[in-house]
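# Analysis of the macromolecular model
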Amino acid sequence: MTDAVWQRPITELARRVAARTLSSTELVDAYLDRIARLDGDLKSFVCVSPAVRDAARAADAEIARTGPRGPLHGIPIAIKDNYTTADLPTRAGTSVDALTFPREDSHCVARLRAAGAVILGKLRMHEFAWGMVSPPTRNPWDLARVPGGSSGGSGAAVAARLCPAALGSDTGGSIRIPAALCGVVGLKPTFGRIGRSGIVPHSWSLDHAGPLTLTVADAALLLEALAGPDPGDPAAHAAPVAAVAAGLDRPIRGLRVAVIRDHFFDGLDGAVGAAVEAAIGFFAGQGCTVRDVAVPSLRYGLGAIYAIELASSAAYHDRSVAAGHTAGFAEDVRDLVEMGRLVTGPDYLRAEQVRALIMAEMAAILSEADVIVGPASPLTAWRTEEASVALAGRSESVLAASWRLTYPFNLTGLPAIALPCGFDGRGLPIGLQIAARPFGEAVMLRMAHQYERAHAWWRRVPPFAG
Amino acid sequence: MMELNTFSIAARCPRTGHLGVAVASAVPAVGGLCPFLRAGIGAVTTQSWVNPYLAARILDGLAGGQAPDAALAAALATDDRPDLRQVGLVDAHGAGAAWTGAGCTPAAGHRTGSGYAVQGNMLAGPGVIDAMALAFEDAAACALDERLMRALEAGDAAGGDRRGKQSAALRLVAGEDYPLLDLRVDEHGAPVAELRRVLEVARRQLVPFVAGMPRKDGPAGALPDDVVAMLLEAPGTRPGAAPAVPDPVRDVMGLHQEAGRIAHLLAQFAPVLAEIEVLRTLDLAHIHPPLVFDPSLPYRDVPLPVPHD
């Protein structure tokens, strides 16, 4: 069954589409068939596009006429439901009917369409990207467990091979957490690298757009397609993206790895710790230098991101609170959105000042290192009904634990990628996290790609989706 | 049975014969269960593991001509657990008596003096009782309401109830079957200070009204015109009205949810606040936040002219 198209990464699908041995229509039909068979249980899609087969036929016709526009031409991609789309409704995970979103393509969806991708459908998410659970989506490795969040539908759908790639968004870890818990690649590029206009905002200075894919090379393809100026996003960087995909095979010997031993290695599940140490050992074995470092200011990180995220989200949802719409939110999200008013102005700006401290300490580390390597999540997927877990002998809420290792790179805006680095005793995937300097995606992806090539965890398909 | 760990004073004014009790505690609504007064008979406060019937029996005893000590002893004799009770009283002549059972929570004690009885239990220390007595004696030139209030404030300042504070009350009777003053703060973070605030408002807006009320041995009559005029005003525009103080959460922070919802949000916010409070301890004045204002933002689509000289 290794020939089945749904098992293959986009890099290979693109070659077959270009060689006319695979049509977009065949590909879309293969995924539609899988969605029909599996998503009743997985619950990762909010909706499947009724126009997707027409779009695939149009792509096939154009490819037959003039060849593919690029590697994404004819490739079906699914979209987190906080990106607006012209042909599909956007709900951002909320069931409050009074809140509606524009029927127009967000910047990223427009770029995907321009690259020839066909939009397969919209994926479930934790309401307004506030949370790490994404109900009712289930984890394909164990349907009794959560897929992570907030891009839980994106992680579950890619892991179950219901689409070869998905878009997610990441404010405190919402791409990398579901990637880690579902065993796929999740890329949060540098803040500003991918334009965000048309994504329902959560926290303006923390929100990042990015892809979830099966492989690092596919993440590089998506990054190249998505990066670039976005007139609708003041934070979007105008600089053209470097050709990251082409350089993935360049040697990593001599690259410098920093391991932040405080914060990132506190309270880790045993299997997670062992898998991450093995990955660090792999880089050492490849001729990278490995150095242990510390970021003491991270002890203030939780207060900083809480203040920024809560204040921003409260500002965005202010009219919904005044109009009483938040009463229709899920209880956890309603509490967070409404309590944001309790963050004072000075607290918010002090949080930004603390952010500068953490940024400076990270910059000092990255002046002597090319990448930072560590775990993406201290724990593997937890059971849906679990509220807390024991980590290193200490009880911690799953929500607090889940974003502890990802939010530092939202505060600092540094590029970070999560990719599988093994499985625990229950067969649940473990996530590795690699970060780099601002706009250092090329070296980060190279390190990730070469780890992935040597281990190929991505080839494991969840038994549920086999 | 409720344990009213409390500090209180029962007293009589030697000039007017008014009787009064002031009390504060770390339970809600102490004013409803502790003080019992009967005009022309006596003032009693019953507390600790409170038995309100003791107060009624003491007042009956005083009314029947018993001396305070005798009335107190007779009442305690009817109780199978006098060791748990604390009682203080004065009679219509200002003679005081008090009882602190051995089972009252320390620090516990009482003191009687000319025209008063001061008592308390579960106190921050024995100094509370002495501070109250001293404040009452020092204010001998003042009216009874002020003397009682000062005694309560002195007890509060000396540490008061060692669990904290929750409610306070001030009750005075003159010769009528209704109280001269009956003020309660039933649930408050600073109940004694709040009681003082209420007392100041009551002196301007309530005492003149009560002074003009019908008496049992005189003509019912009508209120003076200026009192009527004042009471026809809205409370906020009367003399002594507290300036409108905005509620910090509702009015200042703009959280307009109903009270229960706000309490829930505050509870949910507590762990976040704990993290934010750590940030407040840092000296960050020298750090520019990584927010850089960009005045050119709206002009990005329209390039700015290049200046030349």
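Just so you know, these numbers come straight off a predicted model, no measurement behind them.

Scanning chain A from terminus to terminus reveals 15 helices and 13 strands. A globule of 466 residues ought to have a C-alpha radius of gyration of about 23 Å, and chain A, at 20 Å, matches this closely. Taken along the three principal axes of its C-alpha coordinates, chain A extends 60 × 60 × 45 Å. Burial analysis of chain A (466 residues in total) assigns 64% to the buried set. Long-range contacts, defined as pairs at least 24 residues apart, comprise 77% of the intrachain contacts of chain A with a sequence gap of at least 6. Summing over all exposed atoms, chain A offers an accessible surface of approximately 15100 Å²; the carbon and sulfur share of this is 55%. Separation of charge centres in chain A, based on 45 positive and 46 negative side chains, amounts to 4 Å.

For the rest of this paragraph, the subject is the overall build of chain B. Each helix and strand counted, chain B has nine helices and eleven strands in total. In terms of overall dimensions, chain B is more spread out than a globule: its C-alpha atoms have a radius of gyration of 27 Å, far above the 19 Å expected for 309 residues. Looking at chain B residue by residue over its 309 residues, the buried ones come to 42%. Sequence-distant contacts in chain B: of pairs separated by 6 or more residues, those separated by 24 or more amount to 53%. For chain B, the accessible surface area stands at approximately 15200 Å², while carbon and sulfur atoms represent 60% of it. Measuring between centres, the 25 positive side-chain charges of chain B sit 5 Å from its 35 negative side-chain charges.

Membership of the largest hydrophobic core comes to 175 residues, with the highest contact counts inside it found for Leu112, Phe283, Ile417, Leu432 and Ile434 of chain A. Top element by residues in this core is helix α7 (residues 216-226) of chain A. It accounts for nine residues. Setting aside residues no more than four positions away along its own chain, Phe283 of chain A makes contact with Ile252, Val257, Cys288, Val373, Leu432, Ile434, Met447 and Tyr451 of chain A. Residues Val118, Leu123, Met149 and Leu172 of chain B belong to the second largest nonpolar core, which totals 29 residues.

Summed over the entire model, instances satisfying the criterion amount to 44 salt bridges over all chains. The salt bridge partner of Arg8 of chain A is Glu12 of chain A, with a shortest N-O separation of 2.8 Å. Take Arg8 of chain A and Glu12 of chain A: they sit in the same class, and that class is buried. Here Glu153 of chain B and Arg196 of chain B are joined by a salt bridge, their closest N and O atoms 2.8 Å apart. With Glu153 of chain B in helix α4 (residues 144-157) and Arg196 of chain B in helix α5 (residues 191-205), this pair connects stretches of sequence that are 43 residues apart.

Below, the discussion takes up the sheet that holds strand β12 (residues 416-423) of chain A. Residues and elements named next belong to chain A. Sheet architecture is open: eleven strands sit in the order β1-β3-β2-β4-β6-β5-β12-β13-β9-β7-β8, paired in mixed fashion. Bordering the open sheet on either side are β1 (45-48) and β8 (289-293), each of which pairs with just one other strand. The average angle at which neighbouring strand axes cross in this sheet is 30°, direction not considered. As defined by bridge partners, strand β5 (residues 185-188) adjoins strand β6 (residues 208-213) across two bridges and the pair is classed as antiparallel. Opposite Gly186, over in β6, you have Leu212 as the bridge partner. Strands in contact with helix α2 (residues 24-42) are β1, β2 (76-80) and β3 (118-123); relative to β3, the strand with the most contacts, it is inclined by about 15°.

This part covers the side chain of His202 of chain A. All names here are of chain A. Among the structural elements, His202 can be located in the loop between β5 and β6. Here Ala129 takes part through its backbone oxygen, which lies 3.2 Å from a polar atom of the side chain of His202. At a separation of 3.3 Å, a polar atom in the side chain of His202 contacts the side chain of Glu309. If sequence neighbours within four positions are ignored, His202 has contacts with Phe128, Ala129, Trp130, Thr171, Asp207, Glu309, Ser312 and Ser313.

What follows concerns unusual backbone geometry. Residue Pro135 of chain A is joined to Pro136 of chain A through a cis peptide bond whose omega torsion reads 5°. The amide bond that connects Pro106 of chain B to the next residue, Ala107 of chain B, takes the cis arrangement and shows omega of -15°. On the secondary structure map, Ala107 of chain B appears in the loop between β7 (96-100) and β8 (109-113). With phi around 60°, Lys43 of chain A is a residue other than glycine that occupies positive phi space.

Let us look at the UniProt feature "domain: Amidase" (unreviewed entry) in chain A. Taking the numbering used here, the UniProt-annotated feature "domain: Amidase" (unreviewed entry) corresponds to residues 26-443 of chain A. Within residues 26-443 of chain A, the helical portion is 35% and the strand portion 17%, while the C-alpha atoms at the span's ends are 35 Å from each other.

Contact pair helix α9 (residues 301-316) of chain A / helix α9 (residues 259-280) of chain B: the axes reach a minimum separation of 8 Å and the direction vectors enclose 115°. Two packed elements cross with a definite hand, and for α9 of chain A against α9 of chain B that hand is left-handed. Contacts from Leu302, Gly303, Ala304, Tyr306, Ala307 and Leu310 of chain A in α9 of chain A reach Phe269, Val272, Glu275, Ile276 and Leu279 of chain B in α9 of chain B. For the contact of α9 of chain A with α9 of chain B, the class distribution of residues is nine nonpolar, one polar and one charged.

Counting residues at the interface gives 32 residues for chain A and 29 residues for chain B. The contact between chain A and chain B buries some 2700 Å² in all, and 68% of this surface belongs to carbon and sulfur atoms. When residues of chain A are sorted by the area they lose upon contact with chain B, Leu342, Arg350 and Gln353 of chain A head the list and together hold 24% of the total. Residue Asp347 of chain A is joined to Arg280 of chain B by a salt bridge in which the shortest nitrogen-to-oxygen separation is 2.5 Å. Put simply, chain A and chain B have eleven residue pairs in polar contact (both at pLDDT 80 or more) between them. Breaking the side of chain A that touches chain B down by element, the ones donating at least two residues are α9, α11 (331-339) and α12 (345-366) of chain A. With twelve residues, α12 of chain A is the single largest residue contributor to the side of chain A that touches chain B.

Quick look at the pairing of strand β5 (residues 42-49) of chain B now. Residue and element names in this part refer to chain B. Buried residues dominate β5, accounting for seven of its eight residues. Relative to β5, strand β4 (residues 35-38) runs antiparallel, the two sharing four bridges. Within β5, the residue paired with Phe36 across the bridge is Val44. What sits between β4 and β5 in their antiparallel hairpin is a turn of three residues, with Gly40 showing a positive phi close to 75°.

All names here are of chain A. Extensive coverage of helix α5 (residues 152-159) is indicated by the burial of eight of its eight residues. Within α5 the residues assigned to the buried category are Gly152, Gly153, Ser154, Gly155, Ala156, Ala157, Val158 and Ala159. Just past α5, the residue Arg161 takes up positive phi, approximately 60°.

Another aspect to go through is the packing of α9 of chain A against α12 of chain A. Residue and element names in this part refer to chain A. Relative orientation of the contacting elements α9 and α12 amounts to 135°, with a least axis distance of 8 Å. In this view, α9 runs oblique relative to α12, as classed from their interaxial angle. With respect to the hand of their crossing, α9 and α12 are arranged in left-handed fashion. Residue-level contacts link Gly301, Ala304, Ala307, Ile308 and Ala311 of α9 to Asp347, Tyr348, Ala351, Glu352, Val354, Arg355 and Ile358 of α12.

All names here are of chain B. Strands sit in the order β8-β9-β2-β3-β10-β11 across an open sheet of six strands; the sheet is antiparallel. In this open sheet, the two strands that pair with only one neighbour each are β8 and β11 (181-185). Sheet twist, expressed as the average angle between the axes of neighbouring strands with direction ignored, equals 5°. Across five bridges, strand β10 (residues 167-173) lies against β11 in antiparallel orientation. From the neighbouring strand, Ala168 faces β11, where its bridge partner is Val185. In the packing of α5 onto the sheet, contacts are made with β3 (19-25), β10 and β11, and the angle to β11 comes to roughly 145°.

Definitions and limits used
- Per chain, residues are indexed from 1 in the order of the written sequence.
- The order in which chains are written sets their letters, starting at A; the order in which ligands are written sets their numbers, starting at 1.
- Where totals are concerned, whole chains, interfaces and linings use all residues; where local detail is concerned, this predicted model gives features only for residues with pLDDT of at least 70, and gives and counts side-chain atom pairs only at 80 or more.
- Note that water and hydrogens are dropped before the side-chain values are worked out from all heavy atoms of the structure.
- Labels follow the DSSP assignment, with helices taken as runs of H or I lasting at least four residues and strands as runs of E lasting at least two, numbered in each case from the N terminus.
- For the radius of gyration, the atom set is restricted to C-alpha positions; the globular benchmark scales as 2.2 Å times the number of residues to the power 0.38.
- Buried, partly exposed and exposed residues are distinguished by accessible area as a fraction of the type maximum, computed with a 1.4 Å probe on protein chains only: under 20%, between the cut-offs, and over 50%, respectively.
- Contacts are residue-level and defined by heavy atoms, with any inter-residue pair within 4.5 Å sufficient.
- Computed with a 1.4 Å probe, the accessible areas rest on the Shrake-Rupley method; for each residue, only the protein chains presented here act as cover.
- The charged-residue count follows a simple rule in which Lys and Arg add positive charge and Asp and Glu add negative charge, with His and chain termini not counted at all.
- Taken as the charge centre is NZ of Lys, CZ of Arg, CG of Asp or CD of Glu, depending on the residue.
- The criterion is simple. A nonpolar core is a set of buried Ala, Val, Leu, Ile, Met, Phe, Trp, Tyr and Cys residues joined through side-chain atoms within 4.5 Å.
- One speaks of a salt bridge when a side-chain nitrogen belonging to Lys or Arg is within 4 Å of a carboxyl oxygen belonging to Asp or Glu.
- Being paired, for any two strands, means DSSP has found at least two bridges between them.
- As a rule, the C-alpha atoms of each element are fitted with a line to give its axis, helices using only the stretch in contact, and angles between N-to-C directions run from 0 to 180 degrees.
- Counting of polar contacts relies on pairs of N or O atoms within 3.5 Å, with two restrictions inside protein: one atom must be capable of donating a hydrogen and the other of accepting it, and residues adjacent in sequence are counted only when both atoms are side-chain atoms.
- UniProt positions are given in the numbering used here, feature names are shortened, and annotations may be inferred rather than shown by experiment.
- Less than a right angle of anticlockwise turn of the near helix away from the far helix marks a crossing as left-handed, whereas a clockwise turn marks it as right-handed.
- Under the scheme applied here, ten amino acids are nonpolar (Ala, Val, Leu, Ile, Met, Phe, Trp, Tyr, Cys and Pro), four are charged (Asp, Glu, Lys and Arg), and all others, including Gly, are polar.
- In short, buried area is how much 1.4 Å probe accessible area vanishes from two parts on joining, totalled over both.
- Any angle that is under 35 degrees is reported as roughly parallel, and any over 145 degrees as roughly antiparallel; angles of 65 to 115 degrees are reported as roughly perpendicular and all others as oblique.

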